[in-house]
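Examination of the molecular architecture
The lines below spell out each chain.
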Amino acid sequence: MSDLRFDCTKGAGKVCDNCIMDWQQRVTDAHNIITQGTGAGSDYLGWLRLPLEYDRDEFARIKQVADEIRNNAEIFLVIGIGGSYLGARAVIEMLKGPLFNMVPGKNTPQVLFLGCNISGSYVRDCLKIIEGKSVYVNVISKSGTTTEPAIAFRIIKEYMEEHYGQAEASRRIVVTTDAHRGALKTMADKCGYRQFVVPDDIGGRYSVLTAVGLLPIAAAGCDIDQLMAGAAKAYELYSNPDLKTNDCYRYAVARNILLAKDYSIEILTNYEPALHSFGEWWKQLYGESEGKDGRGLFPAAVDCTTDLHSMGQYIQEGRRILFETVINVETSQEDVIINEDLQNFDGMNFLAGRTMQYVNSKATMGTVLAHNDGGNPILMLHVSGLNEYVVGQMIYFFELACGVSGYLLGVNPFNQPGVEEYKKNMFALLGKPGYEDRRQELEARL
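Described in the following lines is the structure provided in the data block. These figures come from a predicted structure and were not determined experimentally.

A word on the environment of T146
Within the element layout of this structure, T146 appears in the loop between β4 (135-140) and α7 (147-172). When its relative accessible area of 21% is taken as the criterion, T146 is described as partly exposed. What T146 contacts, discounting residues up to four positions off in sequence, is I81 and S141.

Now the structure itself:
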């Protein structure tokens, strides 16, 4: 049985096997465009064959540096924003759990993420946490001038040099950046930081299986060999565009069918807290890839059963503008048995002897049926369990589906021109040289 199984049988009459098969020619065309590199954004297809063709020498260096960090660091600071941190955080939490930093007895450092916001309070708290601890840093930025990570690194660089001296700080700071140019590359060369490469042909949101994601993932104690092996397996599984067998492409088609029927919001629903950050990574992947030219689904995510006590009412009975893609993890890495209580004040003795995973699985399917009865189409991705091999498959599944879906939609899935607008306004309001005219215009509007 496959580790990933796509199921559209809960499509509420809006999507089915037959209507998916009607898209075969369009899918074959999109598959040929993406595999032959003839479409818009084809300069950013380096992720496509990455699981087979990654740089083995750099991969070995990643593992070597990750071993050093695990053996010497109490705190590992990962500085980056967007695709520079979301993928790594998602994988670490999927494999180690959302509370991994607080689990006692582990032999890996705490992993803290900075540079993903501009909050002084957040950075100040991080500085309090790392005080007196052995710290290593990985700053990830192709240019080195992205505002959020650049400010965070400036502060952390100062801290490291004050506490360790310049030479030792340089040994503890690892940079992942452009191979040839950019402010961070220049700084790394001058300061002697160890360096890994952000590939030119892979955009940030597709970069989790490069050094961008692999170094933090390995430093957290995850098996990146198995992660890449899982991605390679997915490459093999989804290399044939036949919709009878290619679940990745079936998912891409199903979401486009629903969009054409005015379901404009896709909710990625999970029933495991370990998948929360995966939802954040997925939102960036699909939001940046498809949200352009006035098109695309709006990607949202919910954590269940938690959000059933907040968002559940709207999903059940609100406007019929959304559908759910449910990730159903079939086995739990660890579990807890519910014991009998002689007094039974809570009335839960009918669950005595059951595991929490069993209860969660019934809650999952009960909710799916309820939302389906409420008129919500539901797509399901059944996942055998959360280990490196399966997670590697999941990453590649959603990356490939995103690329193909973008071409089916008629957009370039590998650019993001809209994200520059807020930066221009921010720079103008901050008084950055060269933005004086825009600053006057914006201040007049405020």
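Comments concerning the sheet that holds β4
Ordered in space as β3-β2-β4-β5-β6, the 5 strands form an open sheet in which the pairing is parallel. The open sheet is flanked by β3 (110-114) and β6 (194-197), the only strands paired with a single partner. Averaged over all pairs of adjacent strands, the angle between strand axes in this sheet comes to 20°, irrespective of strand direction. Direction of pairing for strand β5 (residues 173-177) relative to β6: parallel, over a ladder of 4 bridges. Bridge assignment links V174 to a residue of β6, and that residue is R194. Relative to the sheet, helix α8 (residues 183-191) contacts β4, β5 and β6, its axis offset from that of β5 by approximately 145°.

What to know about the pairing of strand β7 (residues 265-270)
The buried fraction of β7 is high, at 6 of 6 residues. Both β7 and strand β8 (residues 298-303) contribute to a ladder of 6 bridges, which runs parallel. If you follow N270 over to β8, its bridge partner there is D303. The pairing of β7 with strand β9 (residues 322-329) spans 6 bridges and is classified as parallel. If you follow I265 over to β9, its bridge partner there is L322.

Re the pattern of salt bridges
Under the defined criterion, the tally for this structure stands at 24 salt bridges. Close ionic contact of R205 with E288 constitutes a salt bridge, the shortest N to O distance being 2.9 Å. With a gap of 83 residues between them, R205 in the loop between β6 and α9 (211-219) and E288 in helix α12 (residues 276-290) connect regions that are remote in the sequence. With a shortest N-O distance of 3.6 Å, E236 and K233 are connected by a salt bridge. Here the residue E236 and the residue K233 both occupy positions in helix α10 (residues 224-237), the gap between them amounting to 3 residues, near one helical turn. Residue E236 is classed as exposed on the basis of its relative accessible area of 51%. Because the salt bridges share partners, they merge into one network encompassing E68, E168, R171, R172 and R194.

Reading the values: the criteria
The residue numbers shown here count from 1 along each chain, following its written sequence. Under the rules for a predicted model, residues below a pLDDT of 70 receive no local features and side-chain atom pairs below 80 are neither given nor counted, while totals for whole chains, interfaces and linings still include all residues. Heavy atoms throughout the structure, all of them, feed into the side-chain values; hydrogens and water do not. By the criteria applied, helices consist of DSSP H or I runs no shorter than four residues and strands consist of E runs no shorter than two, each listed in order from the N terminus. To sort residues, take the accessible area from a 1.4 Å probe on protein chains only and compare it with the maximum for the residue type: under 20% means buried, over 50% means exposed, and anything in between is partly exposed. Working rule for contacts: check all heavy atoms of both residues, and any pair within 4.5 Å makes them a contact. The pairing criterion for strands is at least two bridges between them, as found by DSSP. Angular values range over 0 to 180 degrees, each being the angle between N-to-C directions of two axes fitted as lines to C-alpha atoms, with helices fitted over their stretch in contact. What makes a salt bridge here is a side-chain nitrogen of Lys or Arg within 4 Å of a carboxyl oxygen of Asp or Glu, nothing more.

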